[in-house]
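Read off the chains here:
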Amino acid sequence: MAAFIERMGYLLVLGLCVCLSGTRAVDRGNFKTCDQSAFCKRQRALKPGQSPYRALLETMELTNTRLTLQLINDNNKVRLLLELYRLQGNMTRVKINELKPLKPRFEVPDVLIQEPPTEPMSLLSQDENGVVLSLGTESQRVIVSAQPFRLDIMEGREVLMSLNSRGLLAFEHLRIRKDTFSYKITKSLGSMWDTIKWVFTSQADPEAEKKEEGDPANQPAEDGANAEEEKVEDGMWEETFKSHTDAKPNGPSSISLDFSLPGVEHVYGIPEHADSLRLKTTDGGDPYRLYNLDVFQYELFNPMSLYGTIPVMLAHNTQRTIAIFWLNAAETWVDISSNTAGKMLDYVQGSSETPQTDVRWISESGIIDVFIMLGPTPSDVFSQYASLTGTQSFPPLSGLAYHQCRWNYNDQEDVRAVDQGFDNHDIPYDFIWLDIEHADGKRYFTWDPHKFPQPKEMLQGLQDKKRKMVAIVDPHIKVDSNYKIHNEIRSRGFYIKNKDGGDYEGWCWPGNSGYPDFTNPEMRNWWASMFAYDQYEGSMENLYTWNDMNEPSVFNGPEVTMHKDAMHGAWEHRDVHNLYGLYVHMATVEGLIQRSGGEERPFVLTRAFFAGSQRYGAVWTGDNAAEWDHLKMSIPMCLSLGLVGVSLCGADVGGFFKAPSSELLVRWYQTGAYQPFFRAHAHLDTPRREPWLFGPENTALIREAVRERYALLPYWYQLFYHAHRSGEPVMRALWIDYPQDTATFSMDDQFLLGRDLLVHPVTDEGSRGVTAYLPGKGEVWFDVHTFQKHNGEQNLYIPVTISSIPVFQRGGSIIPRKARVRRSSSCMERDPYTLYVALSPQRTAQGELYIDDGHTFNFEKKKEFIHRRLSFANNKLSSSNLAPDALFSTPSWVERILILGASKPSKVILKTADGKESQLEFDFDASMSVLSLRKPGMNAGEDWTVMLQ
């Protein structure tokens, strides 16, 4: 019987996979709209107007580190506790919770890297209408208005942001169900035991109930104004979507708060959505949804949830950049509206009207915990957010190279043949990937004994070529008593529980599966230990990991995910849902670090993510399609992630579903070569698409795109070092570096890499030209292929052929490259550098060179790295040490220097660190004003000066 059930399970999953893989687009009916999500519908039914919340000023307490103040809902007399903190780095934190909740409400752990340090606030004034507090810097202050409650953050006479100005603060307090008996008695006999158990467990503490009824902080009004309290709406205590019922033992618990942003017309962030970089208004449609979901072949230009969630929104205008970080892991919806605001406060604004964006956040449970980052520059906001949640992990250099993946390479011989194919066609790559079919019956941490009988031999073959492998390890575990991983998790009690206390089980790729509770630190520690070489049989140091399906994906669950009433210890899944993928990623990364004794930097890709995921590795945009619009969409999706900390982002090159034309595939390689995570991937039902399968002409084009990526690896590595240190995005929107240029504010078809490379991919079928915007009045930009110079602050039409990749280097920059492209990045470690110096009439040309061993933590632990400043001024190009206390050496040398926009010198002199001088050979192209210095020969890690005379 058990075998029959298992076979039927496999047939069910297989049928589901066929349906999913054959579909033309996502089945929207599998996923909720706001109207189908009871709490969103309830909250959205509240219209802007008079807020029922009033600040009780007599309860205010101000210490050196925080202000506390009680709020009361005049409709039901429930009190809330407001906490206000001024944080270091020009940030403000606002927390709102029930003053005396019936039980604790969930507060998100493990996302903040520390308890944020505070700075003192001072009371400036107080009267019966409110209080004014100083935030200390540049005349910043907070005005707390009492009735209705409202909070305004100001600088001088300017309102930067207002909270609850539209009166949409709504906090559904926890309560005991008043109709418990009458409701439960209507249930079928089959649920009678659940009824009895619920009554006993929820009312086991009569003193708590007396306290709830007797405490004035939780008393409804006596004058009949408690209609809100007594009214029971559909979905408050139980909710059904399709065939799934969500029991809600805690009842309604949603929260909402509105934010007004005067002077703002452009807001960004809150990934992940397949939509434009600039967020759209949601009036008349669904809000943007933040709820990690497995969405096959997602639609574009849609506010539906996708695989990951980062609840951070940036607002930008020509004067300032600010951001809102809504720290809540439950299902969340974000409404955006734009209108014209008049006077915010009578004495603040004149009569002239200004643009305004209003944002409303709605979450199903938890508390309001919001960080307001006040900038004022984009760089300041990135630094502020990084101080809260950390920076992008510094990947090994190989992680920034090219990755080859497919669902699935069939067996060891297939892997060997694909690996050899890259050598035969002279195309470099660093990683080959294995999807779910490599494991024994999709039992992760194992190998199929027939297809991959000698995994170490396979890995050693890659190691001999200085290449690596990634194998998938998903968080759904096959329920199988002969499977070590399952037995260990079950015996240790590490599975998520269902609402009745048993292990939660659902369907995923292996069939019937259990789901480890990664919110449990003991579970995470055990999971990490499974990556040890003596536990993960067949693994080696060049095997890395991919976490997929970690939303979590449950094929037979509501919205293809876990039931919200499943239990993680004391907390419901509804409280922690968006954290699950972060925890899986965290535990896997820790496993790879531990297996090396803490020496080696890991590489782990995740599909689901949350705020803080940047600390652990790479993210990709999920199951896209081989369509031109999906190629276009990869740009704003990665730009959006970069704004909120995740720089190591990419999209499946070629598209996961469907079969790309040769033109689309070439254009996707050309685009992907300039995006941070560069991986080709395809569905198992698509035709094979290794780079050499589309004819020699297309092979040559793809080869050239991949080789351009490898040549630029020194620049990529330097950018990620800075992202790791500062939190600034690698792939970035133009407005970040040109914050006053309104022409850039809605641009998402081109982007910058760092400050100095501008990329405008060709993303239209049959394109014969693109129009790139070159920003910066007085700037100059050099075409990196032709060295032609163009002025900034112009739209430049660029004729293109199938071989064109429009890329420009900013005048006033120096970019290191390596021209000797080999079969992998590790093979290029000792190779020499070429410096591209782009001159500008406005500024000294500057750049950097960063070098370390490329794979360990020694750059942090032992300060083993080289960090050089490259500078060209007064006809002198010099290299100086930016890290004199760091210790590292390199055999690499500088073999060529190209100076763009130069004049012809009479001679060129090299002066090295030991004081020796020598004359260098050079060529000068007068038609393009390019000076080429041949074989200067100085060590890349030492001081030197090149003088043009």
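Residues numbered from 1 in each chain as written. Predicted model: local features only at pLDDT ≥ 70, side-chain atom pairs only at ≥ 80, totals over all residues. Heavy atoms only, no water.

## Looking at the sheet that holds strand S40 (residues 789-791)
Rules: The criterion for strand pairing is that DSSP finds at least two bridges linking the strands in question. Working definition: helices are DSSP H or I runs of at least four residues, strands are E runs of at least two. Numbering for both runs from the N terminus.
Strand order in the open sheet formed by 6 strands is S35-S36-S37-S42-S39-S40, with antiparallel pairing between adjacent strands. If you trace the sheet from one side to the other, it starts and ends with strand S35 (731-732) and S40, each paired once. Bridge analysis of strand S39 (residues 780-783) against S40 gives 3 bridges, and the strand direction is antiparallel. For phenylalanine 782, the partnering residue across the bridge sits in S40 and is lysine 789.

## Observations regarding the state of the cysteines
Heads up, the condition is: Only a pair of cysteine sulfur atoms within 2.5 Å qualifies as a disulfide here. Here the term buried applies to any residue with accessible area under 20% of the maximum for its type, exposed to any over 50%, and partly exposed to those in between, with areas from a 1.4 Å probe on protein chains only.
This model, assessed by the stated rule, comprises 2 disulfides. For cysteine 34, the disulfide goes to cysteine 40, at an S-S distance of 2.0 Å. Looking down the S-S bond of the cysteine 34 and cysteine 40 bridge, the torsion is -95 degrees, so its handedness is left-handed. Note on cysteine 34: relative accessible area 1%, which makes it buried.

## Quick notes on the packing of aromatic side chains
Going by this rule: Classification of ring pairs rests on two measures: the distance between centres of Phe, Tyr or Trp rings, Trp counted by its six-membered ring, which must be within 6.5 Å, and the angle between planes, read as stacked under 30 degrees, edge-to-face over 60 and tilted in between. Distance and angle both matter: a charge sits over a ring if NZ of Lys or CZ of Arg is within 6 Å of the ring centre and within 35 degrees of the ring normal.
Taken as a whole, this structure holds 44 aromatic pairs when the rule is applied. Ring pairs connect the aromatic residues Phe445, Trp447, Phe452, Phe518, Trp527, Phe531, Tyr536 and Tyr580, which therefore count as one cluster. Directly above the aromatic system of phenylalanine 394 lies the positively charged group of arginine 601, at a separation of 4.5 Å from the ring centroid. In this arrangement the basic side chain of arginine 817 is found over the ring face of tyrosine 836, its NZ or CZ atom lying 4.8 Å from the centre.

## Notes on the nonpolar core
To be explicit about the condition: Definition of nonpolar core: a set of buried residues of the types Ala, Val, Leu, Ile, Met, Phe, Trp, Tyr and Cys, connected through side-chain atoms within 4.5 Å. Residues are treated as being in contact if the distance between any of their heavy atoms lies within 4.5 Å.
One finds Phe325, Met469, Trp527, Tyr669 and Leu753 to be the most contacted residues of the largest nonpolar core, which totals 179 residues. Those residues in contact with tyrosine 669, other than ones at most four positions away along the chain, are Tyr402, Gln404, Val653, Phe678, Ala680, Pro691, Ile702, Ala705 and Val706. Counting residues in each nonpolar core, the second largest holds 50 residues, with Ala55, Met60, Leu69 and Val267 among its members.

## Focus: the confidence of the model for the chain
Test applied: Think of pLDDT as the predictor's per-residue confidence, scored from 0 to 100.
With 90% of its residues at a pLDDT of 70 or more, the chain has an overall mean of 92. The low-confidence segment residues 1-23, where pLDDT is below 50, has 22 contacts with residues more than four positions distant or belonging to other chains. Below pLDDT 50 for its whole length, residues 341-351 participates in 25 contacts with residues either more than four positions away or in separate chains.

## What to know about the packing of helix H14 (residues 628-643) against helix H15 (residues 662-672)
Just so we agree on the cut-off: Angles shown run from 0 to 180 degrees and are taken between the N-to-C directions of axes, each axis being a line fitted to C-alpha atoms and, for helices, limited to the stretch in contact. Any angle from 65 to 115 degrees is called roughly perpendicular, while one under 35 is roughly parallel, one over 145 is roughly antiparallel, and all others are oblique.
Following both chains from N to C, one finds H14 and H15 inclined at 5 degrees, their axes separated by 10 Å at the closest point. With respect to H15, the axis of H14 lies roughly parallel. Of the residues in H15, those in contact with Trp628, His630, Leu631 and Ser634 of H14 are Glu663, Leu664, Arg667, Trp668 and Thr671.

## As for the sheet that holds strand S22 (residues 431-434)
Strands sit in the order S32-S31-S30-S27-S23-S22-S21-S34-S33 across an open sheet of 9 strands; the sheet is parallel. Either end of the sheet is taken by a strand with one partner, and the two such strands are strand S32 (649-650) and strand S33 (652-653). As judged from the 3 bridges shared by strand S27 (residues 543-547) and strand S30 (residues 604-606), these two strands associate in the parallel manner. Bridge assignment links asparagine 547 to a residue of S30, and that residue is threonine 606.

## Considerations on the pairing of strand S2 (residues 67-73)
Of all 7 residues in S2, 7 are buried, a share of seventy percent or more. Of the two faces of S2, the one lined by Leu67, Leu69, Leu71 and Asn73 and the one lined by Thr68, Gln70 and Ile72 are each fully buried. As judged from the 6 bridges shared by strand S1 (residues 53-62) and S2, these two strands associate in the antiparallel manner. When the sheet's bridge partners are listed, glutamate 61 is paired in S2 with threonine 68. Linkage of S1 to S2, two consecutive antiparallel strands, is achieved through a turn of 4 residues. The loop that links S2 with its antiparallel partner strand S3 (residues 79-87) comprises 5 residues; one of these, lysine 77, has a positive phi angle of about 65 degrees.

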